[in-house]
Amino acid sequence: TVFINWGGMPIKPTSCADFGRVAGKLLEPIKIINILFFLAHKYFYIKLGLIKKYSLCFVAGEGLMQGDNFADRVIPINMSDYDTYRDKANQKTRISEGKYVVFLDINLPFQSDLSLGGVTALNADEYYASLNRFFMLIERAYATKVVIASHHKANNTPQRFDGRECYHGKTAELVRDADFVISHHSTSIGYAVLNRKPIVFIYTDEMQKLYSTCRIRWIQNLA
């Protein structure tokens, strides 16, 4: 069996991800019991040899390399985003004309990760209203426009972003030609780093209230 382990967030190893989960579960005894039950099963299945290691594991990123990849052989690889960056670096065709900044959309109110993890979702109307107010301030302050690099799972239209341009599958090109980048948290900030673009990290009041022990910490660590 072969496994490709990629997509890890480039945050400090001691940062929020595990702390946030643990802190949130401490207030929910039933979830703690379920987690301990799962870990016990995993431990005994491994000890009894009922779970076979991967024959080969390709791993992208130093953080994931430091973890237990449970494989007979581990081979480091680069993120696929790096290949995309190299492919687009010297292309001349622009996706959006004129001066602009780009928002890296993560489809946050509708993220399947939230429902799978039993996490409360944001109020979508309030979330997009907050984003659009902020984008308007950016546009006025910097005499520019904000364009949207849509998340691959999102069903974004210009109407959702008060008529602003929305593009799917064009993040590498959009970041390459942008003045700067706006983001919550996303592996696609790698495009900003590779292109040496400034990044403005943002969150809403509701995000702070709901995700203070997880996603807000991700944002802080990425920043």
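Structure first, text after, so check above.
1. Points about the side chain of Thr171
Residue placement: Thr171 occurs in helix 7 (residues 171-177). For Thr171, a relative accessible area of 16% translates into the label buried. Filtering out sequence-adjacent residues up to four positions away, Thr171 remains in contact with Leu104, Ala149, Ser188 and Tyr191.

2. With respect to a nonpolar patch on the surface
A contiguous nonpolar surface patch, about 720 Å² in accessible area, is contributed by Tyr43, Phe44, Tyr45, Ile46, Leu48, Leu50 and Ile51. Assessed through its relative accessible area of 35%, Ile51 is described here as partly exposed.

3. Remarks on the nonpolar core
One finds Val102 and Phe103 to be the most contacted residues of the largest nonpolar core, which totals 40 residues. Looking at which element gives the most residues to this core, the answer is helix 6 (residues 124-142), with 6 residues. When sequence neighbours within four positions are dropped, the list of residues in contact with Phe103 reads Tyr127, Leu131, Phe135, Val146, Val147, Ile148, Ala149, Phe161, Ile182, Ser183, His184 and Ile202.

4. Focus: the side chain of Glu173
Structurally, Glu173 can be placed in helix 7. Overall, the relative accessible area of 6% leaves Glu173 in the buried class. When sequence neighbours within four positions are dropped, the list of residues in contact with Glu173 reads Lys88, Ile95 and Tyr100.

5. Let's talk about the pattern of salt bridges
For the structure on display, the rule yields 4 salt bridges. The salt bridge partner of Arg164 is Glu139, with a shortest N-O separation of 2.9 Å. Taken together, the positions of Arg164 in the loop between strand 5 (145-150) and strand 6 (166-168) and Glu139 in helix 6 put the pair 25 residues apart, joining distant regions of the chain. The pair Arg164 / Glu139 is uniform in exposure class, with both members buried. Glu165 serves as the salt-bridge partner of Lys145, at 2.7 Å between the closest nitrogen and oxygen. Within this pair, whereas Lys145 is found in strand 5, its partner Glu165 is found in the loop between strand 5 and strand 6, the two being separated by 20 residues in sequence.

6. Quick look at the pairing of strand 5
Strand 5 sits mainly inside the fold: 5 of its 6 residues count as buried. For strand 4 (residues 100-104) and strand 5, the ladder comprises 5 bridges, and the chain directions are parallel. Paired with Val101 across the strands is Val146, a residue of strand 5.

7. Quick word on the sheet that holds strand 2 (residues 56-60)
The pairing of strands in a sheet happens through backbone hydrogen bonds and is either parallel or antiparallel. In spatial order, the strands read 1-2-3; together these 3 strands make up an open sheet with parallel pairing. The strands lining the two open edges of the sheet, one partner per strand, are strand 1 (2-5) and strand 3 (74-77). Within the sheet, the average angular offset between the axes of one strand and its neighbour, ignoring direction, is 20°. Relative to strand 2, strand 1 runs parallel, the two being bridged by 4 bridges. Bridging from a neighbouring strand, Ile4 pairs with Phe58 of strand 2.

Here is what the cut-offs are and how they apply
Residues numbered from 1 in each chain as written. Predicted model: local features only at pLDDT ≥ 70, side-chain atom pairs only at ≥ 80, totals over all residues. Heavy atoms only, no water. Helix = DSSP H or I, 4+ residues; strand = E, 2+ residues; numbered from the N terminus. Buried < 20%, exposed > 50% of the residue type's maximum accessible area, 1.4 Å probe, protein only. Contact = heavy atoms within 4.5 Å. Patch = residues over 30% accessible without salt bridge, like charges linked within 9 Å, V, L, I, M, F, W, Y side chains within 5 Å. Areas by Shrake-Rupley, 256 points an atom, 1.4 Å probe, with all protein chains shown as cover. Salt bridge = Lys/Arg side-chain N within 4 Å of Asp/Glu carboxyl O. Core = buried A, V, L, I, M, F, W, Y, C linked by side-chain atoms within 4.5 Å. Pairing = 2+ DSSP bridges. Axes fitted to C-alpha atoms, helices over the stretch in contact; angles between N-to-C directions.

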